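Letter by letter, the chains look like this.
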Amino acid sequence: MKNDPRLNGLDYLMLGFDHELRRHGFAGNSCQIVLELDTAITPEALQHRLAKLAQQFPVLNAKIAGWFKPKWKLPRGNPIAPQVCVHDENADVRQKILNTPLAIQRGELMRFDLVRRAHGRMDVVFNWTHALMDALAAEHFLAAVGDEKSNLLGTDSPPHRAGLSLFQRIKSGWKNLHQLDDFCKRPPRSLGHRQKGAPPQLFVHVEKFSGEETTRIRANATRYCGILGDAQFHATSSLMELHRLHQRLYHPSPSYVLPVPVGLRTKGGLENLFSNQVGMLMIQFFPENLDSLADAIAYLKTQTVQAMRDGLLESGLILSELFRFLPLPVFAAALKRGLRGEICSLFFGDTAVVNPRLENFLGATVRDCTHVAAVTPSPGIGTIFYYFRGELRLTVVHAATVLSRAEAVEFAAGLRHRLLNP
């Protein structure tokens, strides 16, 4: 990367989420991957590996520059390797790491924390700003960090899309704005800040499924969604449990808006690695669509097909590219205004199978892997699904201002039961 690379529209969207979180006192829009190792590694070995990668890829500690069409301003001197911190295990250390902000304006785009555990084990906690890259790219990068023989591929900037005139871009982007106007006819209503005295922090609860339970859930997904329908099954199950949560808390919502992630990379490709390559289709559900799982899945499939036919994915991408010309505070305000202060009703992610190269890390065996992503204060709740060594994992993230830990655990338990017993 010889020239300062531009943030694409999705990078800028993630930066907008970061602005929104920090404005409310949260750490920001950082994601996290936790590797549980069977034996400890030395911080010096990790620091040495990161220093080599920082020399090769200066974007790892670039600064964000430019009011219009912002870019990553690469360091002009010797790059500084990402920070490595070492902690002893205690009840709050993972929580503290998750809620410690990255100084992205000073070029701290990622951080590694090593947590020493009992019996010589260790956790590697990798935090990165979502504006830099998505979860698929982060898995690949982390695998490359843990393998000194790895050749980090997929870092070239992708070619620009076929040129459209400014008028054509605005016309296409307008479709997305019109969709938001339609959503506002029966606008979603989040749970709001119910825990008034709670700190502005995110909490995480992880549900792990055994191999037998995973086989059962996959059979349920196939029965309801077809052979390639795992993500659809996870999404609709999450939404139905969210609807149940609203009912249980006596806080009904006229509708629910679900963001459905769509990968934009060429199948099997990783370009561009240091960039977000996951678009979003926004689907609105109504309570009457959630009477049964079969109804919810049928509605999701119908609305997804219609949205693709209407070009709403491409429209959303073009709109995000146009938004790069707005100063970040203005963009963040426009983002919220679209749904009258709501961004969505539930953050949903499904990263599928964890990169198989994350079996070992700097000589240690990886025993388990956890994905965590930030959620904005509204709606303040999200679910992330992924498979590690053939076993399903579910991470529920919630803002302490929206749900108590007990309520989040109950939500996760309900979703677990729904996945196993649809």
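In this text the structure is predicted, and so the values were computed from the model without any measurement.

Chemist: Give me the lowdown on unusual backbone geometry, citing residues and values where you can.
Modeler: In this chain, Glu271 is followed by Asn272 through a cis amide linkage whose omega measures -10°. Structurally, Asn272 is set in the loop between strand 8 (256-263) and strand 9 (278-285). At the junction of Ser378 and Pro379, the peptide bond is cis and its omega measures out at 15° in the coordinates. Phi at Ala352 takes a positive value of approximately 60°, unusual for a residue other than glycine. Here Leu362, not a glycine, exhibits a phi torsion of approximately 50°, which is positive. For Leu362, the position within the fold is in the loop between strand 11 (360-361) and strand 12 (364-372).

Chemist: Can you tell me about the sheet that holds strand 5 (residues 110-116), naming the residues and giving the values?
Modeler: Strands pair in a sheet through their backbones, by hydrogen bonds, and they do so in one of two ways: parallel or antiparallel. Taken in spatial order, the 6 strands line up as 4-5-6-1-12-11 in an open sheet, and their pairing is mixed. The open sheet has two free edges, formed respectively by strand 4 (83-88) and strand 11, since each of these has just one partner strand. Both strand 1 (residues 30-37) and strand 6 (residues 122-129) contribute to a ladder of 8 bridges, which runs antiparallel. Among the inter-strand pairings, Val34 is bridged to a residue of strand 6, identified as Val125. Here helix 2 (residues 43-56) sits on the sheet and contacts strand 4, strand 5 and strand 11; the angle it forms with strand 4, its principal contact strand, is near 160°. Contacting strand 1, strand 5, strand 6, strand 11 and strand 12, helix 4 (residues 135-145) crosses the sheet at an angle of about 135° to strand 6.

Cut-off values and rules
Residues numbered from 1 in each chain as written. Predicted model: local features only at pLDDT ≥ 70, side-chain atom pairs only at ≥ 80, totals over all residues. Heavy atoms only, no water. Helix = DSSP H or I, 4+ residues; strand = E, 2+ residues; numbered from the N terminus. Pairing = 2+ DSSP bridges. Contact = heavy atoms within 4.5 Å. Axes fitted to C-alpha atoms, helices over the stretch in contact; angles between N-to-C directions.

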